[in-house]
Amino acid sequence: MEVHLSSLPMMEIFSYLDAYSLLQVAQVNKNWNALASNGFLWRKLCQERWLFCDMVTLQLLGTETWKQFFVYRTWQEQAKSRAKPKDFTYKEIPLECGVRGYACYISGCALTRNGQGKSVVCMVSSKNKISTWDINESVITWVSPVQPASIKLLTTLPDMHIAVTVDIQSTIKLWDCHNREALATNNLESPCKSLKTVISKDGPIVLVFYMNSLLRTSEFSDPVSTILEFSSCKRAFWTPRREDRITLMSRRGRPIVTRFETYDMKLEEIGNKIIVKGHLVASFSLQDYNENPKWMGVNDKSMIVCSTRSSLLLFSMKGLHLQTFQYSSETIVRLLVDPVHVIVTCNDGSLDVYMWEERSLLLRRCYGLQNGRHLPSFGFIKNLLCDDVSIVQLMIDRQGPCFLMAYTLNICS
C-alpha cells in the first residue's frame, strides 16, 4: 500500500537534500516536481553557496526563480571545467615598468549564456595608483589619482565592483573604480600582513590579517580583533563561501616541519562590547615529506590543498591524506584555489586546471594549457587569477618588461 505524505513533511524532508538530489526527486512525478522546485528550498541553497544572495532580489539577478538562478550560476562557474584547451585564446598584455605586482579581478562572474563575457582586473602601479584593465580589449578603463604613500595591499569585491587598498602608512581606502576619489578612508591600528574581503550574511566585510592577529571591520565601523598564537606563519587562507573559518600554514623547527591549523572565528558579546575569538577546530603536521609546501588553499568543504616544487597534495583539515598529483619534469611556482577550481602554474609557463568534485572530497584534473614561454631568469609569477571567463598570470621581470599572460575562454560547451 502506498503512503502519501502531505506537502509540509515532504518539504521538510526535501530541505535536507542538496541541489543534485532535488533535481533527481523532481523527476518522480508532478507533485514532487512542484515541491522540489519550491523557491524556499532553492533560495536556501543559493544563500549557502553564494552569500551575496542574502542581499539581492531575483530581479537584480535577472532570473524568474531561485532554481533557475542556481542552475544558471552553477553552469557559469563550471564553464572552464567543460572547456578544452582549443577553446582558449592566449594573449600577452605589456604593462608599464615597475608594476608593483598586486592584481585582483574587479569584474563579477563576467560570463553570459552565449559565451560572451568581460574580465576586468584591478592592479597597483609603481606610481602609487590603482587602475583597471579590460583583459578582452587590453586597455585601461580607469585610473585613480596618485596616492601620498605606496600601496602595499589590494583586494576586491568583484560582485560589487569595489576595491580595497592599504598603503605603507596603514591607511585603508575603499574604491568603486569609477570615480576618481576613494569612497571611504580609515586608519588601521598597526601594519597588516594580508587583506581579504567577503560577502557575508551581514553584508560586505573587510578582513585584515596581522602577523599574529585578526581584525574584522564591516563597512569601516569600529573594528574587532583577536590574537591567534601561531608562530612562523607563512600562509593564511579563508574558507570560501563562509567568513568565519581560517586555515594557517607555518614552517618551523629543525628539521623544518610544516603545520596546518584551522580556526573558527566567533563574534561574542560581553557587556556592551563585541569581541572575536578564534577556536581551534583541527590541526596536523606534515612529518614524512621530503619537500615543504610553499602554497596552499582551502575549498568550501575545508579540504586543504598544498603544493611543493614537485607535487600537489590534498588533505582533510584533520590531516587525512587524500590525493597526490606528481610533477616530474616541471616545477610548480604558483597555486590558485577557489570554490570550483585549483590551478597550478609551472616554470615552463604551463597551467594545469583541476576541478573540485561536486559530490566528493577529491580533485579531478581537467586539462593543461601551454603558452610556450618559460619564465625569464629574473622573472616570477606574482599573481594568478581566475574567473568564469579567463585565467590571468601577472609576470614580473626584475630586468625587463612586466606583462599579463591571459587565457580567455572563447566558447562554452
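In what follows, the structure referred to is the one given above.
What you are looking at is a predicted structure, and each value in this text was computed from that prediction instead of being measured. (Residues numbered from 1 in each chain as written. Predicted model: local features only at pLDDT ≥ 70, side-chain atom pairs only at ≥ 80, totals over all residues. Heavy atoms only, no water.)

## Details of the side chain of Q147
Within the secondary structure layout, Q147 lies in the loop between strand 5 (139-143) and strand 6 (151-157). Those residues in contact with Q147 that sit more than four places away from it in its chain are N128, K173 and W175. (Helix = DSSP H or I, 4+ residues; strand = E, 2+ residues; numbered from the N terminus. Contact = heavy atoms within 4.5 Å.)

## Remarks on the pairing of strand 16 (residues 257-270)
Two elements, strand 15 (residues 245-252) and strand 16, share eight bridges in a ladder whose sense is antiparallel. Across the sheet, the residue bridging to I246 is Y263, located in strand 16. Where strand 16 meets strand 17 (residues 273-286), 13 bridges bridge the pair, whose relative direction is antiparallel. Directly across from M265, in strand 17, lies its bridge partner G278. Where strand 16 folds back on strand 17, the antiparallel hairpin that results is connected by two residues, among which G271 adopts a positive phi of roughly 65°. (Pairing = 2+ DSSP bridges.)

## What to know about the environment of Y20
Mapped onto the elements, Y20 comes out in helix 2 (residues 19-25). Classification of Y20 by relative accessible area gives partly exposed; the value is 45%. It is 8.8 Å that separates the C-alpha atoms of Y20 and R359, two residues lying 339 residues apart in sequence. (Buried < 20%, exposed > 50% of the residue type's maximum accessible area, 1.4 Å probe, protein only.)

## So, the nonpolar core
In terms of nonpolar packing, the biggest core is built from 29 residues, with L312, V342 and L363 touching the most fellow members. Among the elements that line this core, the one with the most residues is strand 20 (residues 311-315), at four residues. Residue contacts for L363: discarding those within four places in its chain leaves V305, L312, L314, Q323, F325, V342, Y354, M355 and W356. Formed by 19 residues, the second largest nonpolar core is a distinct cluster that contains F14, A19, F69 and F70. (Core = buried A, V, L, I, M, F, W, Y, C linked by side-chain atoms within 4.5 Å.)

## Focus: unusual backbone geometry
With phi around 65°, S170 is a residue other than glycine that occupies positive phi space. Within the secondary structure layout, S170 lies in the loop between strand 7 (162-167) and strand 8 (171-175). A positive phi angle, near 65°, is found at S302, a position not held by glycine.

## A word on the state of the cysteines
Evaluation of the coordinates by the stated rule reveals zero disulfides. The thiol sulfur of C177 is not disulfide-bonded, and the nearest other cysteine sulfur, from C122, lies at 4.3 Å. (Disulfide = S-S within 2.5 Å.)

## Digging into the sheet that holds strand 6
Spatially, four strands are ordered 6-7-8-9 in an open sheet, and the strand pairing comes out antiparallel. Every interior strand has two partners, whereas the edge strands, strand 6 and strand 9 (184-187), have only one. Taken over all neighbouring pairs, the strand axes of this sheet differ in orientation by 15° on average, direction set aside. Here strand 6 pairs with strand 7 via six bridges, running antiparallel. By the bridge assignment for strand 7, L157 is matched with I162. (Axes fitted to C-alpha atoms, helices over the stretch in contact; angles between N-to-C directions.)

## Some points on helix 1 (residues 7-14)
For helix 1, every residue scored as buried is listed here: M10, M11 and F14. On an axial view of helix 1, the arc spanned by its buried residues comes to 100°, and they lie on one face. (Arc of directions from axis to C-beta.)

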